[in-house]
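# Descriptive analysis of the structure
Each chain, written out:
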Amino acid sequence: MKKVFFGITGAIFIALSVWLGGYFYKKSKKDPVVYKTEKPFTKTIIKKSVATGSIVPRREVQVKPQVSGIIEELYVEAGEKVTKGQMIARVRVVQNLDGKNRDLLGLNSAQSNLQNAQINYNNAKIEHDRNKKLYEQKVISQQEFNRFKLDLNVRQQAVDAAKDNLKLTQQGALQRAGNIANSVYSTVDGILLDVPVRVGSSVIERNNFNEGTTIAVVADMNNLVFEGKIDESEVGKIKEGMDLDLTIGAIENKVFKAKLEYISPKGKTEEGAIKFDIRAKLLLNEKDKLRAGYSANADIVLAKKVKVLAIKEKLLQFEKSKTKGGKDKPYVEVEVSKQKFKRVDLKTGISDGINIEVVKGVKKTDKIKVPPQKKPKK
């Protein structure tokens, strides 16, 4: 009985040892690493920089009144087309007491000047007529008579000037007294973007101490520009005349062309970064209809290569330069047989951040090893 028991125990022990041995052997044996490969391909690569901004009219004019007062009539609404010289509104002038007193003093002064000029003219006319008879009788010379004739002409001009001054003073007084409405006209052709006032609104004239009240905003919507900002790290890569591809948030699946025409010579600090203003002219078709104020992103084309041999940038590996300040050498590993690779040095061209041009080193039929991605350090 004991023999049977020990035999069964021994058999179980041997079987368990064999199973454990096989289990640990399988655990210790690692699967071979199989690297993925990718082939080069033909692609158009565009290297670009990005700027953010908005679409605005190149010419936008704020129409302001020449006098202070109250809007009596409005003849237009926002969105309408207007022409240069078209009447937009009428302003009824409201005068204060000081203004009335100044106008009275001005009128009295102008009338007094006219009376004095008329008296001087009358005296000069008497002297002229008297000396004309003496000249005809050859009592005085022509040179002496010309002196009286010239004086009469001068006095006549003084009378005319005094009359004009009185007329202007009277007209200005009437306007400021509210007896004459001041008409406001558009100064340019365009579309009314905004009419921020209403009938009955008070408005202030534009002067050295006040910008005045805006009655209307007129813009030429046929001449739009992109105004944006670009980071200081990118501004050194761009120059006037470069092409821009604009994407507008409000218009999907369409790219608009533009031409860079201005780069600010001075940067501005915004949110801790230096930004430079840029401006580009939009190259629109007749069918393109844009509104002022659209937000837009501009892709500035720095370089472009059409249908060149390229690979994914993730396939590149780099050998550190042995010299201080030198550039690392790019290379890839090309498959020579199944899962066996050799190093091939590359000469690269432009990159768009995902794909990079291959100038020399590999062919379109080569299979390039996808290097394992390094896990980020925690």
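What comes next is a walk through the structure. (Residues numbered from 1 in each chain as written. Predicted model: local features only at pLDDT ≥ 70, side-chain atom pairs only at ≥ 80, totals over all residues. Heavy atoms only, no water.)

Considering all chains together, one arrives at zero aromatic pairs under this definition. Taking NZ or CZ as reference, Arg147 lies 4.5 Å from the ring centre of Phe148, over its face. (Phe/Tyr/Trp six-rings, centres within 6.5 Å; stacked < 30°, edge-to-face > 60°. Lys NZ or Arg CZ within 6 Å of the ring centre and 35° of its normal.)

Turning our eyes to something else, we now look at the environment of Glu38. Position of Glu38 relative to the elements: it lies in strand S1 (residues 37–38). Each C-alpha atom, one on Glu38 and one on Leu315, is 8.3 Å from the other, the two residues being 277 residues apart in sequence. Other than its neighbours up to four places away in sequence, Glu38 contacts Lys312, Lys314, Leu315, Asp366, Lys367, Ile368 and Val370. (Helix = DSSP H or I, 4+ residues; strand = E, 2+ residues; numbered from the N terminus. Contact = heavy atoms within 4.5 Å.)

In space, the four strands of this open sheet follow the order S3-S10-S8-S5, with antiparallel pairing throughout. In the strand order of this sheet, the two ends are held by strand S3 (60–63) and strand S5 (81–82), each with one partner. (Pairing = 2+ DSSP bridges.)

For Glu271, which is not a glycine, the phi torsion comes out positive at approximately 55 degrees. The class for Glu271 is exposed, based on a relative accessible area of 87%. Not every positive phi belongs to a glycine, and Gln339 is a case in point at roughly 60 degrees. The residue Gln339 is located in the loop between strand S18 (329–337) and strand S19 (340–345) in this model. (Buried < 20%, exposed > 50% of the residue type's maximum accessible area, 1.4 Å probe, protein only.)

Glancing now at the pattern of salt bridges. A side chain of one charge can pair with a side chain of the opposite charge if their charged atoms are brought near each other. On inspection of all chains with the given rule, the structure shows 22 salt bridges. The residue Glu270 makes a salt bridge to Lys229 at a minimum N-O spacing of 3.2 Å. Of the two residues, Glu270 sits in strand S14 (residues 268–270) while Lys229 sits in strand S11 (residues 224–231), which places them 41 residues apart along the sequence. According to the relative accessible area criterion, Glu270 is partly exposed, its value standing at 29%. We note a salt bridge from Asp288 to Lys254, for which the minimum N-O separation is 2.7 Å. Taken together, the positions of Asp288 in the loop between strand S15 (273–283) and strand S16 (295–312) and Lys254 in the loop between strand S12 (243–248) and strand S13 (255–263) put the pair 34 residues apart, joining distant regions of the chain. Lys254 gets classed as partly exposed once you look at its relative accessible area, which sits at 37%. Connected through salt bridges with shared partners, the residues Lys229, Lys268, Glu270 and Asp277 form a single ionic network. (Salt bridge = Lys/Arg side-chain N within 4 Å of Asp/Glu carboxyl O.)

Bridging between S12 and S13 involves five bridges; their strand directions are antiparallel. Residue pairing across strands places Leu244 opposite Ala258, the latter belonging to S13. Linking two consecutive strands that pair antiparallel, namely S12 and S13, is a turn of six residues; a positive phi of about 60 degrees is found at Asn253 within it. Here S12 runs beside S16; their pairing, made up of five bridges, is antiparallel. Its bridge partner being in S16, Asp245 is matched across the sheet by Asp299.

Any link to function would need more than the numbers given here.
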